[in-house]
Amino acid sequence: MPGQLEESEGLGHNQRVLKLQEDRVRAYEDFEAAIRAFIDGGTEEEYERACRDITARFKVASDQINAVNDDLLTLATAAAKGLSGWIRKLQDAEKDKLYLTVASHIERKRLAKMKLAAELVAKNAAEQGTHVCGHAHTHESEGTTADQELNDLALEVHGEQVDTMHKDINIMIEKINEILDEIRYWEDEE
């Protein structure tokens, strides 16, 4: 990917930005696949390795979009300044989206670990159903019930927090798409 800007020199400034934005979207798709793999049982090391690769891809796209913007600023035309303003808005929105996405991943990982811990607590409680006295009957302790209720509440609250973050990311995606529509508009201005 590092040579992509040079390969697309024949494209207009806005077309180059849109092409680089497509690369960024693919990186987000891979980022989502990495968190899902982790939640489905992947290792922390695999997730971190994917994150390093994806972070490098985000940086390449961002640096190349900034290079297109710098090139625009040398033109000093009203159209170039207008398009440059939209590119800056895109970069700012993408930065915000990335922060939200990373925060969402952290919380989704935490939620997955909380669910695993709750399952272990429930399993241990079920295994300890026979009282130490050796009788074949079960004794449910009040502490175990209270612990389970607390775990359930924590999972519910944390799940709602993750859902809210996902909604915030979708709002940011809508904002980015509106900015991209404006960038497409500038095609006729070059």
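Residues numbered from 1 in each chain as written. Predicted model: local features only at pLDDT ≥ 70, side-chain atom pairs only at ≥ 80, totals over all residues. Heavy atoms only, no water.

Looking now at the overall build of the chain. Within the chain one finds five helices and zero strands. What you see in the chain, going N to C, is helices and strands ordered as α-α-α-α-α. Expressed as a percentage of its 190 residues, the buried residues of the chain come to 32%. For the chain, long-range pairs separated by at least 24 residues make up 80% of all intrachain contacts whose partners lie at least 6 apart in sequence. Put simply, the chain shows about 11,800 Å² of open surface, and 54% of that area lies on carbon and sulfur atoms. (Helix = DSSP H or I, 4+ residues; strand = E, 2+ residues; numbered from the N terminus. Buried < 20%, exposed > 50% of the residue type's maximum accessible area, 1.4 Å probe, protein only. Contact = heavy atoms within 4.5 Å. Areas by Shrake-Rupley, 256 points an atom, 1.4 Å probe, with all protein chains shown as cover.)

Attention shifts here to the nonpolar core. Counting 17 residues, the largest nonpolar core has Val 17, Leu 83, Ile 87, Leu 90, Ile 176, Leu 180 and Ile 183 as its most contacted members. Mapped onto this core, the elements with two or more residues apiece are helix H2 (13-39), helix H3 (44-75), helix H4 (78-127) and helix H5 (142-185). Setting aside residues up to four positions removed in sequence, Leu 180 forms contacts with Leu 18, Gln 21 and Leu 90. In this structure, Tyr 28, Phe 31, Ile 35 and Phe 38 belong to the second largest nonpolar core, which totals 10 residues. (Core = buried A, V, L, I, M, F, W, Y, C linked by side-chain atoms within 4.5 Å.)

This next bit is on the environment of Val 162. Within the fold, Val 162 resides in helix H5. Residues Val 162 and Arg 110, spaced 52 residues apart in sequence, show a C-alpha to C-alpha distance of 9.9 Å. Apart from residues no more than four positions distant in its own chain, Val 162 is found in contact with Glu 107, Arg 108 and Leu 111.

What follows covers the side chain of Lys 97. Relative to the helices and strands, Lys 97 resides in helix H4. Residues within four places of Lys 97 in sequence aside, it is in contact with Tyr 28, Ile 169, Met 172, Ile 173 and Ile 176.

Looking now at a nonpolar patch on the surface. A contiguous nonpolar surface patch, about 290 Å² in accessible area, is contributed by Leu 150, Leu 153 and Val 157. Positionally, Leu 153 belongs in helix H5. According to the relative accessible area criterion, Leu 153 is partly exposed, its value standing at 47%. (Patch = residues over 30% accessible without salt bridge, like charges linked within 9 Å, V, L, I, M, F, W, Y side chains within 5 Å. Salt bridge = Lys/Arg side-chain N within 4 Å of Asp/Glu carboxyl O.)

Considering all chains together, one arrives at 11 salt bridges under this definition. Its salt-bridge partner being Arg 57, residue Asp 30 comes within 2.6 Å of it at the nearest N-O pair. Highlighted residues: Asp 30 in helix H2 and Arg 57 in helix H3, separated in sequence by 27 residues. A salt bridge links Asp 53 to Arg 57, with the nearest nitrogen and oxygen atoms 3.9 Å apart. Of this pair, Asp 53 and Arg 57 both sit in helix H3, four residues apart, which is roughly one turn of that helix. Exposure remark for Asp 53: the relative accessible area of 43% places this residue in the partly exposed category. For Arg 57, a relative accessible area of 16% corresponds to the buried category. Shared partners join several salt bridges into a network, and the residues in it are Asp 30, Asp 53 and Arg 57.

To continue, consider the confidence of the model for the chain. Per-residue confidence for the chain gives a mean pLDDT of 84; residues scoring 70 or more make up 84%. Ignoring residues within four places in sequence, the model shows residues 1-10, a span with pLDDT below 50, making 18 contacts including any to other chains. Overall, residues 130-140 carries pLDDT values under 50, and its contacts beyond four positions in sequence, including any with other chains, amount to eight contacts. (pLDDT = per-residue confidence, 0-100.)

For the rest of this paragraph, the subject is a negative patch on the surface. A surface patch of negative charge is lined by Glu 149, Asp 152, Glu 156, Glu 160 and Asp 163. Here Glu 149 is to be found in helix H5. (Lys, Arg positive; Asp, Glu negative; His and termini not counted. Charge placed at Lys NZ, Arg CZ, Asp CG, Glu CD.)

Time to look at the side chain of His 158. Tracing the sequence through the fold places His 158 in helix H5. According to the relative accessible area criterion, His 158 is buried, its value standing at 9%. Polar contacts involving the side chain of His 158 include one to the side chain of Glu 107, which spans 2.8 Å. In contact with His 158, not counting residues within four places along its chain, are Glu 107, Arg 110, Leu 111 and Met 114. (Polar contact = N/O pair within 3.5 Å; in protein donor to acceptor, adjacent residues only side chain to side chain.)

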